[in-house]
Structure formats: C-alpha cells, structure tokens
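Coordinate analysis (summary)
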Amino acid sequence: FHVEKYAVLKLFQINHLNNQDLNYNLNDATVLENGVFENFILTCNNEFFKNDVFCFLKENYSSGFINGCILANNNEEHEIKTFTKHIGESTKSYQKVKSVLDKNSKSIFQGKIYVDSHAQKTDGYQLSKAIILDQNSEFDSKPELEIYADDVKCSHGSTSGNLDENAIFYLMSRGLSRSDARKLLIKGFLEDVIETITSEKIKKYFSKRLSILLNEYR
C-alpha cells in the first residue's frame, strides 16, 4: 500500500477461514507526509495463521496504527508480527494486540519500533496482553525498540494472566452463570482493542462479530 500525502487508509481484516491450512497474510504500507495507515486484525478459528505488518512512516507527521485481537482454541497457533519504521520527523505509531488462549493454543506477538536518527519527535507506543485460560496454552511476546534519535517518546509493555476469579464471583452473584461471566470478562478484555477502530460503523460490526465468536468459543 502507498498512502499519499494527507491520505487515510483504513484496513480491517477478519482471519476466520475455519480450516486446518497454513495461512499467511502480509500488509506493507508506506506513508507519506500527514498520511494515516490504520490496520485492525481479528484472527480466530484457523489451525495456523501468521500476519506480518510493515509500516514505513517515510515523511513528517505520518502515522501508523496497528491493532489486533487473537482468539485461539483447540491447538490453534496465531501470530501477529509488526515492524514500524519511523523516518520522518514528528511521526506517530500505536500498537495494541490482545490474545485469549485456551485448550493448548498458542499466540505470538513480535513488534519492533525502529526510529531513524532523523526521526526526531517520534511518538511510538506498543502493548501486548493475553488471558490464558488453561495450563497448556502459551503466549510469547517480543517487543523491540531500536532508537537512534534523542528527542523521542517511545514505550512498550506486555502482560499475561488468568481471568480474575473475584470478578467472576461478583458477576455470578448478580445472576450470571460461570460460563456467561467468563465470556463477559473476555469480551470486555478484547473490546478495549476494538475501541481503537475509528469508524463507528466498523467498530459496531466487529463488536457484534466478537459476541458471535465468543458464543462458539467454548
């Protein structure tokens, strides 16, 4: 993809082929001055799916937003790998990827932010989180920062854990079954990423789609 000056490209994807194939997807975007590249990925129900996203912020004030939800189950393996390259000045990147894993599934997030020596006033943010629902599932996260400029603001973080049993108990005390309480907490966890979508119509579509997927999840 080539995003011209002041242009905006919004790319929304659902990896839901429901097969046992090895699936691979590559997005490569070059963004010019004041251009915006927005990429959202929802990946689920495939035995193996890998997504590579390259975002080249070539000119001043260009921006790249890469966000995703991974819902893996039953020995599935899903990966999102990103490489954001800041070359222009005052460029901005934002990445948030969240995973929910169950029944011997695996999620991988590898994200790299590269800041060139000329890319002063860069603003880069990266976060990956996972909820692991069983002892046999695995979450691998590898955030990377490679910075050669001194006037920048860049950060990254990664966490993983189980569902909060106190929150489950509270919801059950309000009349929900344990299964419904878990689904509600999972939906809230992933909805946080869906909220990054800037199109209200598309945001509502993904929220509805997520509800359907969670009903099929367990």
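This report concerns the structure included in the present document. (Residues numbered from 1 in each chain as written. Predicted model: local features only at pLDDT ≥ 70, side-chain atom pairs only at ≥ 80, totals over all residues. Heavy atoms only, no water.)

1. Observations concerning the overall build of the chain
- Helix and strand content of the chain: three helices and 12 strands.
- Radius of gyration (C-alpha) of the chain: 18 Å, near the 17 Å computed for a compact globule of 218 residues.
- The principal-axis extent of the C-alpha atoms belonging to the chain is close to 55 × 35 × 30 Å.
- Residues counted as buried form 47% of the 218 residues belonging to the chain.
- In the chain, 82% of the contacts between residues at least 6 apart in sequence involve partners at least 24 apart.
- Of the accessible surface of the chain, which amounts to about 10,600 Å², a share of 48% is contributed by carbon and sulfur atoms. (Helix = DSSP H or I, 4+ residues; strand = E, 2+ residues; numbered from the N terminus. Rg over C-alpha atoms; globule rule 2.2 N^0.38 Å. Buried < 20%, exposed > 50% of the residue type's maximum accessible area, 1.4 Å probe, protein only. Contact = heavy atoms within 4.5 Å. Areas by Shrake-Rupley, 256 points an atom, 1.4 Å probe, with all protein chains shown as cover.)

2. Some words on the sheet that holds strand E12 (residues 152-161)
- Read from one edge to the other, the open sheet built from six strands follows the order E2-E4-E6-E8-E10-E12, with strand pairing classed as parallel. This sheet does not close on itself; its edge strands, each paired only once, are strand E2 (8-15) and E12. The mean inter-strand angle of the sheet, taken between neighbouring strand axes irrespective of direction, is 5°.
- Taken together, the 10 bridges between strand E10 (residues 122-132) and E12 define a ladder with parallel strand orientation. What sits directly across from Lys129, in E12, is Thr159. (Pairing = 2+ DSSP bridges. Axes fitted to C-alpha atoms, helices over the stretch in contact; angles between N-to-C directions.)

3. Structural notes on unusual backbone geometry
- In this model, Asn34 sits at a positive phi of 60°, which is unusual for a non-glycine residue.
- Tracing the chain through its elements places Asn34 in the loop between strand E3 (22-31) and strand E4 (36-44).
- Positive phi values are uncommon outside glycine, yet Asn45 reaches one of about 55°.
- Looking at the secondary structure, you find Asn45 in the loop between E4 and strand E5 (48-57).

4. A look at a nonpolar patch on the surface
- On the surface, Tyr24, Leu26 and Phe54 cluster together into a nonpolar patch covering about 290 Å² of accessible area.
- Relative to the elements of secondary structure, Phe54 occurs in strand E5.
- Taking relative accessible area as the criterion, Phe54 reaches 30% and is therefore assigned partly exposed. (Patch = residues over 30% accessible without salt bridge, like charges linked within 9 Å, V, L, I, M, F, W, Y side chains within 5 Å. Salt bridge = Lys/Arg side-chain N within 4 Å of Asp/Glu carboxyl O.)

5. Notes on the sheet that holds E3
- The six strands lie next to each other as E1-E3-E5-E7-E9-E11, forming an open sheet whose pairing is parallel. Edge strands, defined here as strands with exactly one partner in the open sheet, are strand E1 (2-3) and strand E11 (138-147).
- Pairing between E3 and E5: 10 bridges, direction parallel. Bridged to Tyr24 within E5 is Lys50.

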